[in-house]
Amino acid sequence: MITLRGLTKRFGTATAVDDLTVDIGPGQVTGFLGPNGAGKSTTMRMVLGLDRPTAGQALVNGRAYRALRHPLHEVGALLDATGIHPTRSGRSHLRAMARSSGIPDRRVAEVLDLVGLDGRAADKPGRTLSLGMGQRLGIAGALLGDPPVLLLDEPVNGLDPDGVRWIRRFTRTLADEGRTVLLSSHLMSEMQQTADRVIVLGRGRLIADAPLAELITAG
Ligand code: ADP
Ligand code: ADP
């Protein structure tokens, strides 16, 4: 469960996220739709404790990220590929992440298997791994702690059709497993493919929040 309460972020005089109040619950894909610059990433970064709200709250399972006792077991994220070291193999990257959180090494093999990367775990992201495989690696990392909440920021950007299909299918599986999935995109077509509910953001403000079917009918 993700809870945003009056969530606001200002950078200087610019307001990136403006008084956002919304609950995002389990068992469905909640799409986060808005043009570039609408505030989607900033919202996700505040949920992950990577940006501090100017006002309001971003809670995961009722707590601020900083107050989570075992963050990787509560929330996972695929942000821009920033967390991944291109000089490290996928397996060693995930091992380091697991170790720093007290997650056993065998879970690394499990998550690589889940995303279909088991045979390619020695490849280095950015070098021999394609962008699509890098995204899978990022998702494997997000799943290390088997968290009930997942944030996927523009996960299909730049992927080839196979990669896009894989992400869409996998996202559906995650929701069907009962997880809370928040998936951002600037494309309505992506919402139509993947989302059950759509939250529309414009200039940091909530513009619409509706089941996908309603949003399509409303045009
Ligand atoms: P989106 O993910 O929807 O593309 P962002 O959350 O990345 O939107 O950006 C929202 C707004 O906040 C944009 O105007 C962006 O330029 C601004 N912004 C984001 N991060 C920073 C930052 N670190 N410093 C200044 N402005 C920022
Ligand atoms: P650092 O040690 O640099 O703070 P972390 O190991 O905490 O980095 O996170 C690495 C990257 O993973 C971050 O840059 C962020 O994009 C992403 N991230 C943050 N929190 C989580 C999470 N709970 N699950 C998965 N990825 C996360």
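About the thresholds
Residues numbered from 1 in each chain as written. Chains lettered and ligands numbered in written order. Predicted model: local features only at pLDDT ≥ 70, side-chain atom pairs only at ≥ 80, totals over all residues. Heavy atoms only, no water. Pairing = 2+ DSSP bridges. Helix = DSSP H or I, 4+ residues; strand = E, 2+ residues; numbered from the N terminus. Axes fitted to C-alpha atoms, helices over the stretch in contact; angles between N-to-C directions. Contact = heavy atoms within 4.5 Å. Parallel < 35°, antiparallel > 145°, perpendicular 65-115°, else oblique. Left-handed = near helix turned anticlockwise from the far one by under 90°. Nonpolar A, V, L, I, M, F, W, Y, C, P; charged D, E, K, R; others polar. Expected span 1.5 Å × (residues − 1). Buried < 20%, exposed > 50% of the residue type's maximum accessible area, 1.4 Å probe, protein only. Arc of directions from axis to C-beta. Salt bridge = Lys/Arg side-chain N within 4 Å of Asp/Glu carboxyl O.

**Looking at the sheet that holds strand E8 (residues 197-202)**
Here is step 1: With respect to topology, 6 strands assemble into an open sheet ordered E5-E6-E7-E3-E8-E9, the strand pairing being mixed. If you trace the sheet from one side to the other, it starts and ends with strand E5 (75-78) and strand E9 (205-211), each paired once. Within this sheet the neighbouring strands show an average axis-to-axis angle of 15°, counted without direction.
Here is step 2: Helix H5 (residues 131-142) contacts E5 and strand E6 (149-153) of the sheet and is inclined by roughly 170° relative to E5.

**Some thoughts on the packing of helix H3 (residues 90-100) against helix H4 (residues 106-114)**
Here is step 1: Between H3 and H4, whose axes approach to 9 Å, the crossing angle comes to 130°. In terms of axis orientation, H3 runs oblique to H4. Once H3 is placed against H4, the crossing between them reads as right-handed. Contacts between H3 and H4 involve Arg91, Leu94, Arg95 and Ala98 from the former and Val108, Val111 and Leu112 from the latter.
Here is step 2: The residue inventory of the contact of H3 with H4, partitioned by class, reads 5 nonpolar, no polar and 2 charged.

**Observations concerning helix H6 (residues 161-176)**
It helps to recall that an α-helix has 3.6 residues per turn; residues three or four apart then point in one direction.
Here is step 1: Its 16 residues give H6 an end-to-end C-alpha distance of 23 Å, which sits within 8% of 22 Å, the value for a rise of 1.5 Å per residue.
Here is step 2: Taken together, the buried positions of H6 are Gly163, Val164, Trp166, Ile167, Phe170, Thr171, Leu174 and Ala175. End-on, the buried residues of H6 take up no more than an arc of 165°, which puts them together on one face. Seen from the open side of H6, the exposed residues pointing more than 90 degrees away from its buried face are Pro161, Asp162, Arg169 and Asp176.
Here is step 3: Residues of H6 that are buried in the fold lie against strand E3 (28-33), H4, H5, E6, strand E7 (180-185) and helix H7 (188-194).

**A closer look at the pattern of salt bridges**
For side chains of opposite charge, pairing can occur when their charged atoms come near one another.
Here is step 1: All chains considered together, the criterion is met by 14 salt bridges.
Here is step 2: Residue Arg179 is joined to Asp146 by a salt bridge in which the shortest nitrogen-to-oxygen separation is 2.8 Å. A residue pair is termed long-range when its members are at least 10 positions apart, and Arg179 in the loop between H6 and E7 and Asp146 in the loop between H5 and E6 qualify at 33 residues.
Here is step 3: Arg179 sits in the buried class, given a relative accessible area of 13%.
Here is step 4: Overall, the relative accessible area of 44% leaves Asp146 in the partly exposed class.
Here is step 5: Close ionic contact of Asp209 with Arg197 constitutes a salt bridge, the shortest N to O distance being 2.8 Å.

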